[in-house]
Amino acid sequence: MKYFDTHTHTNYEPLAEQFDEILKVLEEKEMGINIVGCDIEGSYLAIKQAKQSPLLYCSIAIHPESAHKILDLKQTIDELESMYLANKSKVICIGECGLDYSYEFITDEIKLKQKEVFLAHIHLAHKYNLPVMMHIRDAHDDASNIIKEHLHLNLTWIVHCFSSNVDDAKRYIDMGCYISIPGIITFKNAQYLRDALKVIPKHLLLTETDAPWLTPVPFRGKLNYPYYVIYTNEFIAKELNYNLDEFNQQLMDNAIHALKLYKN
């Protein structure tokens, strides 16, 4: 593989219906992807898609937005565990899971439920030594505290779709988290993120599309695809004055290490 999109959603519409065409482009570009589940159904489809090519891997989890809807947490985690055990060569990560306090419906009770569900995912990841792919929005204090309390587990922590500031970047860096940068970095109004980018050590940096959302320039406003991560890579390399070929290789190496690719 020459490139790797560490977080994408070809398992959800409108990309799911275009999956065959997307896979052809990925093969042409010698590019791998991590297909990320946000619910049980999406996690099953991520596995099904990942089985169609050696370039494809997947992650399984319940998104924090839906955490409060879980009626039986043990049953849900048991189902995710069964998915992993039946598909060890393809399921490389637990995620996206975490905390999201950005919605209007968030109450203290829902925050507590999100934490409970996040912790259950962390324990599942620890049981099988899998990385944790985290969705954290408007919840950096609580998320950081939870990570800090579990650093003794020696897990690999990945902050998916990082779009915050220098201070938040530093707190995750201090805990050894990987930080994954989306196409937002290319937006004109994202100077705060470009400032944060400059403090991230090269060995902790990942890139992603979060497709079909957050399409980078020059395609902003259109549907996002996994292979558009190449444009994000190019933008970051230029922003940091890195040699593009060397930077792409660094990102590939980081993805291999963070997500334990080729472990089987």
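Note: the structure precedes this text.
Residues numbered from 1 in each chain as written. Predicted model: local features only at pLDDT ≥ 70, side-chain atom pairs only at ≥ 80, totals over all residues. Heavy atoms only, no water.

Asks: Hey, could you go over the overall build of the chain for me, with residue numbers and the actual values?
Replies: Looking only at helices and strands, one finds 9 helices and 8 strands in the chain. For the chain, the spread of C-alpha atoms along the principal axes amounts to about 45 × 40 × 35 Å. A total of 264 residues make up the chain; the buried ones form 57% of that total. For the chain, the proportion of contacts with a sequence separation of at least 24, taken over those separated by at least 6, is 74%. In the chain, which carries 26 positive and 36 negative side-chain charges, the distance between the mean positions of the two groups comes to 3 Å. (Helix = DSSP H or I, 4+ residues; strand = E, 2+ residues; numbered from the N terminus. Buried < 20%, exposed > 50% of the residue type's maximum accessible area, 1.4 Å probe, protein only. Contact = heavy atoms within 4.5 Å. Lys, Arg positive; Asp, Glu negative; His and termini not counted. Charge placed at Lys NZ, Arg CZ, Asp CG, Glu CD.)

Asks: Describe the sheet that holds strand β2 (residues 31–36), with residues and values.
Replies: Strand order in this open sheet of 8 strands is β1-β2-β3-β4-β5-β6-β7-β8, and the pairing throughout is parallel. A single partner strand is all that each edge strand has here, and the edge strands are β1 (3–8) and β8 (205–207). Between one strand axis and the next, the sheet turns by 25 degrees as a mean value, whatever way the strands run. With 4 bridges connecting them, β2 and strand β3 (residues 56–60) associate as parallel partners. Paired with Asn34 across the bridge in β3 is Tyr57. (Pairing = 2+ DSSP bridges. Axes fitted to C-alpha atoms, helices over the stretch in contact; angles between N-to-C directions.)

Asks: So, the state of the cysteines: which residues are in play, and what are the values?
Replies: In the structure shown here, the tally under the stated rule is 0 disulfides. Cys161 takes part in no disulfide bond, and the closest cysteine sulfur to it belongs to Cys38, at a distance of 11 Å. (Disulfide = S-S within 2.5 Å.)

Asks: Could you give an account of the nonpolar core, naming the residues involved and the relevant values?
Replies: Of all hydrophobic cores here, the largest spans 91 residues; its most connected members are Leu56, Phe162, Tyr172 and Ile181. With 7 residues, the top contributor of residues to this core is helix α4 (residues 108–127). Setting aside residues up to four positions removed in sequence, Phe162 forms contacts with Asp168, Ala169, Tyr172, Ile179, Ser180, Ile181, Pro182, Leu193 and Ala196. (Core = buried A, V, L, I, M, F, W, Y, C linked by side-chain atoms within 4.5 Å.)

Asks: Go over the pattern of salt bridges with me, naming the residues and quoting the values.
Replies: The full count for this structure, using the stated rule, is 8 salt bridges. Linking Asp142 and Lys115 is a salt bridge whose minimum nitrogen-to-oxygen distance equals 3.3 Å. Here the residue Asp142 occupies a position in helix α5 (residues 140–149), and Lys115 occupies one in helix α4, the gap between them amounting to 27 residues. Residue Asp142 is classed as partly exposed on the basis of its relative accessible area of 24%. What you see here is one network of salt bridges that share partners, running through Asp141, Asp168 and Arg171. (Salt bridge = Lys/Arg side-chain N within 4 Å of Asp/Glu carboxyl O.)

Asks: Requested: an account of α4, with residues and values cited.
Replies: An α-helical turn contains 3.6 residues, so a residue and the one three or four places further along point in the same direction. For α4, with 20 residues, the first-to-last C-alpha span of 29 Å sits near the 28 Å given by 1.5 Å per residue. Residues Ile110, Lys113, Gln114, Val117, Phe118, Ala120, His121, Ile122, Leu124 and Ala125 constitute the buried set of α4. On its buried side, α4 packs onto α3 (73–86), β4 (91–100), β5 (132–137), α5 and β6 (157–160). Once α4 ends, the next one or two residues include Asn129, with phi positive near 55 degrees. (Expected span 1.5 Å × (residues − 1).)

Asks: Explain the environment of Tyr12 to me, and be specific about the residues and the numbers.
Replies: Assignment of secondary structure puts Tyr12 in the loop between β1 and α1 (19–28). Between the C-alpha atom of Tyr12 and that of Ala211, which follows or precedes it by 199 residues, the distance is 9.4 Å. Excluding anything up to four places from it in sequence, Tyr12 contacts Val36, Gly37, Cys38, Asp39, Gly42 and Ser43.

Asks: Report on empty space enclosed by the protein, specifying residues and quantitative values.
Replies: For the structure on display, the rule yields 1 cavity of 30 Å³ or more. For the largest cavity, the full set of lining residues is Lys2, Tyr3, Phe4, Thr207, Asn233, Asn248, Leu251 and Met252. No other element matches the 3 residues that helix α9 (residues 244–259) contributes to the lining of the largest cavity. Partitioned by chemical class, the residues of the lining of the largest cavity number 4 nonpolar, 3 polar and 1 charged. (1 Å grid on protein atoms, 1.4 Å probe; cavity = no way out; pocket = protein on both sides within 12 Å on 5 of 7 lines; lining within 4 Å. Points joined across faces, edges and corners; volume = space filled by probe spheres on them. Nonpolar A, V, L, I, M, F, W, Y, C, P; charged D, E, K, R; others polar.)

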